[in-house]
Amino acid sequence: MSKIKHAMLIPLYLLGVAAATPQAQAQIPHLQRQGTATQLVVDGQPFLILGGELHNSSSSSLAYMEPLWKSMMDLHLNTVLAGVSWELLEPEEGRFDFRLVDGLIDGARRHNIRLVFLWFGSWKNGMSSYIPLWVKKDYQRFARVRLQDGRTVEVLSTLCAANWEADAKAYAALMRHIREVDGTDHTVIMMQVENEVGVLRDSRDRSEAANKAFSQPVPPELMDALTRDKDKLQPDLRQKWESAGSRTAGTWEQVFGAGPGGDEAFMAWSYGSYVEKVAKAGKAEYAIPMYANTWLSNPQGTPGNWPSGCPEPHVMDIWRAAAPHLDILSPDIYAPNFAEWCRRYVHAGNPLFIPEMRREADGARNVFYAIGQHDAIGVSPFAFDSMANPGSSPLAASYGILAQVAPLILQHQGKGELTGFLLDKEHPSAKAEMAGYELEISLDSIFGDNAEIGYGLIIATGPDEFVGAGSGFRVAFSAKTPGARITGVGQVDEGTFLDGKWIPGRRLNGDENDQGQYWRVANGQLSISRCTVYRYQ
Ligand code: DGJ
């Protein structure tokens, strides 16, 4: 199915032509609400991404990829995140080479795995290393960022129309091609537009065009959006705006304050607007869900230590106004405070999708939290292809369990029937209210064997019935509805799901449920169990 296109193609978005009928559009991968959750729908069914992102260069060689497909299956991945670089897609201006894209789609189909393509276009980790050589060399046509010391760097400037036009043209060609070869099969289910954008080593671009734009008034469409959503704004942004006097018009410095904070707000709008043009051009060809990912900030640094203008939580509202064609703003979470970053990214209905996170044992625990507590569309540890023994890794164990429970998770998302938790010495317990009961979930402990770490998710699957997956926790129930006062543990069974059907194993009683007092999911074993409760006086 490989084919190379040499023709100079005119993208649909320039012709104003709709790419697909509404009926065909309804079938392609899309996002859909279920209660308070947003779900990814693939082939008419909600889909939970149990993903893994490849190292940046792995997908630049189909031969290199060949043994990796097996390790994906060993890991129980259902989706791989793979880079597609502008330099390899459009090696000469207007000549597109889709052989890699076709080969990746072919490999994924052969192994029953879905794909999320990462568009390494104008930026990757703030830099422009993946732009084609014909763009790199033509630095007068394709303007660069200038830093405070006067140096230009290998970073395309957001303030140069030739840059976004060329990027959008290439991305549109990619999306058109994906529609042509995959518009029916839906192997490609989502797209990442660019990678961790933003200016490094300075808080903003100081090129002539950037200085000019920075001295202009904040665009009214941004001011209108912020004013309309004032009560729902992310608190840091709101505070920045209020500290500068809550102005509804003025320059960037007047509205957001002089210094790195104002610079970052300006860059967020500028990157958001650029990525919007690229995403919009792509969606005009094939409108599957698209997201942008974020190199997260740190409290010790200032914008420029992290890419200034990246969709950080404190500028998310600016991005949402600038880039309506993006469906999701995503965090790449390598930081230890995983739960906090998840919470910050579900701001204002933003669905949680984590394209990069740690692949080690902590990452394998954290996936339960993101999915159980925040209805994540999916999770994807980075560089799984460098794991020594993927099949026997903690991540493989987590995905093996989550793959079994996924249909139940998807059925109950967004309805107040699902919870996730991470327990440790600092956070030894968590509470959740579901199906008329309060669940007190704590670190497991029995006869002096005290779990130091607990994690998992619990689903209220029916009246008085719960299914849980994880390790190292115990649950005490109390009823929240009128009736008999005391809640007892009815029955606890361990088991597995085979093609969605529950296959019970041992009946867990005695020490296994602390003589009927708790639903225990023992320390050190990752397992699934089903617990029923009853009430008495
Ligand atoms: C984040 C980037 O998005 C990835 O492409 C990769 O460079 C990792 N950092 C490396 O840890």
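See the structure above.
I will try to describe carefully the structure that is included in this document. For clarity, every value in this text was computed on a predicted model and none was experimentally measured.

Brief notes about the sheet that holds strand β4 (residues 45-47)
Item 1. Spatial ordering of the open sheet is given by β2-β3-β4, a layout of 3 strands whose pairing is antiparallel. Of all strands in the sheet, those bounded by a partner on one side alone are β2 (30-34) and β4. On average, adjacent strands in this sheet sit at an angle of 55° to one another, irrespective of strand direction.
Item 2. Of the pairings in the sheet, the one linking strand β3 (residues 37-42) to β4 comprises 3 bridges and is antiparallel in character. If you follow Val42 over to β4, its bridge partner there is Gln45.
Item 3. Lying on the sheet, helix α16 (residues 394-412) is in contact with β2, β3 and β4; it crosses β2 at an angle near 65°.

As for the packing of helix α15 (residues 361-374) against α16
Item 1. Where α15 meets α16, the closest approach of the two axes is 8 Å, and the angle between their N-to-C directions is 15°. Looking at the two axes, α15 sits roughly parallel to α16. The interaxial crossing formed by α15 with α16 has right-handed handedness. Of the residues in α16, those touching α15 at Ala361, Ala364, Val367, Phe368 and Ile371 are Pro394, Leu395, Ser398, Tyr399, Ile401, Leu402 and Ile409.
Item 2. Across the contact of α15 with α16, the residue classes break down as 11 nonpolar, 1 polar and no charged.

Topic: the environment of Arg33
Item 1. Secondary-structure assignment places Arg33 in strand β2.
Item 2. With 380 residues separating them in the primary sequence, Arg33 and Gln413 have C-alpha atoms 9.8 Å apart.
Item 3. Side-chain polar atoms of Arg33 contact the side chain of Thr38, separated by 3.0 Å.

Things to note about the packing of aromatic side chains
Item 1. The tally for this structure, following the rule as stated, stands at 21 aromatic pairs.
Item 2. Where Tyr334 meets Phe382, the ring centres are 6.5 Å apart and the plane angle is 80°; that geometry is what we call edge-to-face. With Tyr334 in the loop between β13 (328-333) and α14 (338-345) and Phe382 in the loop between β16 (378-379) and α16, the pair connects residues that are 48 residues apart, well separated along the chain.
Item 3. Ring centres of Phe477 and Trp519 lie 6.3 Å apart, and the angle between their planes is 10°; this geometry places the pair in the stacked category. Taken together, the residues Phe477 in strand β24 (residues 473-479) and Trp519 in strand β27 (residues 519-521) connect sequence positions 42 residues apart.
Item 4. We classify Phe477 as buried; its relative accessible area is 10%.
Item 5. Counting every residue linked through ring pairs, the aromatic cluster contains Trp86, Trp119, Trp134, Phe142 and Tyr171.

A closer look at the site of the ligand
Item 1. As a structural note, the neighbourhood of the ligand is formed by Asn56, Lys124, Asn125, Asn195, Glu196, Asp332, Tyr334, Glu356 and Phe382.
Item 2. In the environment of the ligand, an oxygen atom lies 3.0 Å from a nitrogen or oxygen atom belonging to the side chain of Lys124.
Item 3. Taken by itself the ligand offers 300 Å² of open surface, and the protein chains cover 75% of this.
Item 4. Across the shell around the ligand, the residue classes break down as 2 nonpolar, 3 polar and 4 charged.

Remarks on the nonpolar core
Item 1. If you look at the biggest cluster of nonpolar residues, it comprises 123 residues, and the most contacted ones within it are Met72, Phe117, Trp119, Met191, Trp319 and Leu326.
Item 2. Considering each element in turn, this core owes the most residues, 11 residues, to helix α12 (residues 260-285).
Item 3. Not counting the four nearest positions on each side in its chain, Leu326 is found in contact with Val193, Val275, Glu276, Ala279, Met290, Tyr291, Ala292 and Trp319.
Item 4. Among the nonpolar cores identified, the runner-up in size contains 21 residues, and Phe477, Leu508, Trp519 and Val533 belong to it.

Describing the pairing of strand β28 (residues 527-536)
Item 1. In this structure, strand β23 (residues 465-471) lies alongside β28, joined through 6 bridges in antiparallel fashion. Across the sheet, Ala469 pairs through a bridge with Ile528, a residue of β28.
Item 2. The pairing of strand β25 (residues 486-498) with β28 spans 8 bridges and is antiparallel. The partner of Gly495 across the bridge, within β28, is Ile528.

Thresholds, definitions, all that
- Residue positions are given per chain, counted from 1 along the sequence in the order it is written.
- Reporting in this predicted model follows two pLDDT cut-offs: at least 70 for local features of residues, and 80 or more for side-chain atom pairs to be given and counted; totals over whole chains, interfaces and linings ignore these cut-offs and use all residues.
- In computing side-chain values, all of the structure's heavy atoms are included and hydrogens and water are not.
- One requirement defines pairing of two strands: DSSP has to find at least two bridges between them.
- Every helix listed is a DSSP run of H or I at least four residues long, and every strand listed is a run of E at least two residues long, numbered separately from the N terminus.
- Axis definition: a line fitted to C-alpha atoms, limited for helices to the stretch in contact. Angles are taken between N-to-C directions and run from 0 to 180 degrees.
- Contacts were defined at the residue level, with two residues in contact if any of their heavy atoms lie within 4.5 Å.
- Each angle receives one of four descriptions, namely roughly parallel if under 35 degrees, roughly antiparallel if over 145, roughly perpendicular if within 65 to 115, and oblique otherwise.
- Note: crossing handedness is left-handed where the near helix turns anticlockwise from the far helix by less than a right angle, and right-handed where it turns clockwise.
- Each residue gets one label: Ala, Val, Leu, Ile, Met, Phe, Trp, Tyr, Cys and Pro are nonpolar, Asp, Glu, Lys and Arg are charged, and the others, such as Gly, are polar.
- Think of a polar contact as two N or O atoms within 3.5 Å of one another; within protein, one of them needs to be a possible hydrogen donor and the other a possible acceptor, and neighboring residues in sequence only count if both atoms come from side chains.
- Centre distance within 6.5 Å is the pairing criterion for rings of Phe, Tyr and Trp, where only the six-membered ring of Trp is used; planes under 30 degrees apart are then read as stacked, over 60 as edge-to-face, and the remainder as tilted.
- Any residue under 20% of the maximum accessible area for its type is buried, any over 50% is exposed, and the rest in between are partly exposed; the area is computed with a 1.4 Å probe on protein chains only.
- Throughout this document, a residue counts as near a molecule or strand when at least one of its heavy atoms sits within 4 Å of that molecule or strand.
- Note that accessible areas follow from Shrake-Rupley with a 1.4 Å probe, and for residues the cover is restricted to the protein chains shown.
- Residue types Ala, Val, Leu, Ile, Met, Phe, Trp, Tyr and Cys, when buried and joined through side-chain atoms within 4.5 Å, form a set referred to as a nonpolar core.

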